[in-house]
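Listed below are the residues making up each chain.
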Amino acid sequence: MKRLTGQDRATTATWRPATRAIRGGTARTEYGETSEALFLTSGYTYDRAADAAARFAGEQAGMTYSRLQNPTVEMLEQRIALLEGAEACRTMATGMAAMTAALLCQLSAGDHLVGGRAAFGSCRWLTDTLLPKFGIETTIVDARDPQQFADAIRPDTKVFFFETPANPTMDVVDLRAVCDLARAHGITSVVDNAFATPALQRPMEWGADVTAYSATKMMDGQGRVLAGAVCGTEDWITNTLLPFTRNTGPTLSPFNAWVVLKGLETLDLRIRRQSENALAVGRFLEGRVPRMLHPGLPSHPQHALAMSQMDACGPIFAFEVEGREQAHALLDGLALVDISNNIGDSRSLMTHPASTTHASVSEEKRAEMGVTEGLLRLNVGLEDPADLIEDLDQALAQAGL
Ligand SMILES: *Cc1c(COP(=O)(O)O)cnc(C)c1O
């Protein structure tokens, strides 16, 4: 197998994004296969005992065990790093494994983290429940306001952790302002970029230190596998992330890595079309429902900021109806759009966060995050938007809207 050398990586770095998405990271075996090979192997063999010893000592290039290295997984990591414009990437079994590793690898008892209020439910569990259990204090701020990050900084603050756009309220964070603030105070900024993906937003261009992904969402894009990724500098990945992940083992399976590799080939096409569809559906809903939370529409209070950081609005937005009963009635009236809490799929999916993804978050915290009883989140897929609009039209009517 021809593994990529530093020289190859320098060449691939000049490729434009569409080329990176198709070819980045590809390493071919002696058979010259066009599509990436899938290496379903847990271990590797050595010609001689001395080779095994040299490899374990790090003196000989080569793989030792698939918790640590796998050729298919490495191809995906190099492709994501190229798309991100990051020096290095490591993939994880799920998005939550990526978030957990990105935080725990660098935080110790006595450290302090500042996190964004609007976040994926499990991300809030990390900041509100897991980290404090290990003596890591956390302060939650309204991440839409950079001043709140500034006010929360303490001498022991080590990490800023936030999403933009955030799940599910579509809060937008000013990446430049918050990441610059982190840099100025020696704080590491960790950005959960699952909603936009590197196809639409590359936080490192705005000063982010670390980006973390649920690749389950748009990167796979077809609702097949769970996967996660963490990107950073070569130094941070090698010396901070790897000691944690090599020994705790949140490793991505080679099969899932292969599926995500295939997904990345069409990421740009899908996310641009889904963004267009999300705009069409959003324009239809605006005026018909009491409140829209759609970063692609001028009615979103942070529309200008969102569009200055992102190349398109992305497939996901939220809106509000009059409480849980009407939200459930609208969901139950859908004939084409599925009731599903997943996102980033090529199918349109709608969920009621307060009773699903954020049901484990206390009512008080939901209110603080903006997850109201009438909030619905819609992932707009690749279907014809006219069909989606017809379906929503009849479901809204059934729900009395
Ligand atoms: C889905 C999601 C996660 C968790 O990812 P999994 O792959 O489900 O573990 C984290 N953050 C955001 C913003 C997500 O949408």
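Residues numbered from 1 in each chain as written. Predicted model: local features only at pLDDT ≥ 70, side-chain atom pairs only at ≥ 80, totals over all residues. Heavy atoms only, no water.

Participant: Explain the nonpolar core to me, using residue names and the numbers behind them.
Facilitator: Membership of the largest hydrophobic core comes to 33 residues, with the highest contact counts inside it found for Leu-76, Ile-80, Cys-89, Met-219, Cys-231, Val-260 and Leu-264. When residues of this core are traced back to their parent elements, those giving at least two are α4 (71-84), α9 (197-200), β7 (228-232), α11 (254-265) and α12 (267-285). Examining the composition of this core, we find that 6 residues originate from one element, α4, more than from any other. Counting only domains with at least three residues in this core, you end up with domain 1 (2-264) and domain 2 (268-398). Counting residues in each nonpolar core, the second largest holds 27 residues, with Met-92, Cys-123, Val-159 and Trp-236 among its members. (Core = buried A, V, L, I, M, F, W, Y, C linked by side-chain atoms within 4.5 Å. Buried < 20%, exposed > 50% of the residue type's maximum accessible area, 1.4 Å probe, protein only. Helix = DSSP H or I, 4+ residues; strand = E, 2+ residues; numbered from the N terminus. Domains from an automatic or database assignment.)

Participant: Describe the pattern of salt bridges, with residues and values.
Facilitator: Enumeration according to the criterion identifies 25 salt bridges in this entry. Note that Lys-262 is salt-bridged to Glu-36, the shortest N-O span being 2.7 Å. Highlighted residues: Lys-262 in helix α11 and Glu-36 in the loop between α2 (17-23) and α3 (49-56), separated in sequence by 226 residues. With a relative accessible area of 23%, Lys-262 lands in the partly exposed category. Exposure remark for Glu-36: the relative accessible area of 6% places this residue in the buried category. Several salt bridges share partner residues, and in doing so they unite Arg-202, Glu-205, Asp-268, Arg-272 and Asp-311 into one network. (Salt bridge = Lys/Arg side-chain N within 4 Å of Asp/Glu carboxyl O.)

Participant: I'd like a rundown of the sheet that holds β7, residues and numbers included.
Facilitator: Sheets are built from strands that pair by backbone hydrogen bonding, the pairs being arranged parallel or antiparallel. Strand order across the open sheet formed by 7 strands is β1-β7-β6-β5-β4-β2-β3, with mixed pairing between neighbours. Of all the strands in the sheet, the pair left with one neighbour each is β1 (88-92) and β3 (137-141). Shown here is a sheet whose adjacent strand axes are inclined to one another by a mean of 20 degrees, direction ignored. Bridge count between strand β5 (residues 188-192) and strand β6 (residues 210-214): 3 bridges; the pairing is parallel. Following the sheet pairing, Val-190 is matched in β6 by Val-210. Across the sheet, α4 lies against β1, β6 and β7, angled at about 130 degrees from β1, the strand it touches most. Contacting β1, β2 (112-116), β4 (157-163), β5, β6 and β7, helix α5 (residues 95-104) crosses the sheet at an angle of about 155 degrees to β6. (Pairing = 2+ DSSP bridges. Axes fitted to C-alpha atoms, helices over the stretch in contact; angles between N-to-C directions. Contact = heavy atoms within 4.5 Å.)

Participant: Which residues make up the site of the ligand, and what values do they have?
Facilitator: Lining the immediate surroundings of the ligand are 14 residues, of which Met-96, Asp-192, Ser-214, Thr-216 and Lys-217 lie closest. Asp-192 is positioned with one of its side-chain polar atoms (N or O) 2.7 Å from a nitrogen atom of the ligand. Within the side chain of Thr-216, an N or O atom sits 2.6 Å from an oxygen atom of the ligand. In the complex, 93% of the free accessible area of the ligand, which totals 380 Å², lies under the protein chains. Tallied by class, the residues present in the shell around the ligand amount to 6 nonpolar, 5 polar and 3 charged. (Near = heavy atom within 4 Å. Polar contact = N/O pair within 3.5 Å; in protein donor to acceptor, adjacent residues only side chain to side chain. Areas by Shrake-Rupley, 256 points an atom, 1.4 Å probe, with all protein chains shown as cover. Nonpolar A, V, L, I, M, F, W, Y, C, P; charged D, E, K, R; others polar.)

Participant: Could you give an account of α4, naming the residues involved and the relevant values?
Facilitator: In this model, α4 (14 residues) spans 20 Å end to end at C-alpha, consistent with the 20 Å of a helix rising 1.5 Å per residue. By the criterion of burial, α4 is predominantly enclosed, with 13 of the 14 residues buried. Positive backbone phi, at 75 degrees, marks Gly-85, one or two positions downstream of α4. (Expected span 1.5 Å × (residues − 1).)

Participant: Requested: an account of the domain arrangement of the protein chain, with residues and values cited.
Facilitator: The domains assigned to the protein chain are domain 1 (2-264) and domain 2 (268-398). The C-alpha-based centres of domain 1 and domain 2 are spaced at 27 Å. Counting residues at the interface gives 38 residues for domain 1 and 40 residues for domain 2. Both faces combined, the contact of domain 1 with domain 2 buries some 3000 Å², and carbon together with sulfur accounts for 58% of it. Put simply, domain 1 and domain 2 have 3 salt bridges between them. The shortest N-O distance in the salt bridge between Glu-368 and Arg-124 comes to 3.1 Å. Those elements that place two or more of their residues in the side of domain 1 that touches domain 2 are α6 (121-133), α8 (175-184), α9 and α11. Among the residues making up the side of domain 1 that touches domain 2, the classes are represented as 18 nonpolar, 10 polar and 10 charged. (Buried area = accessible area lost by both parts, 1.4 Å probe.)

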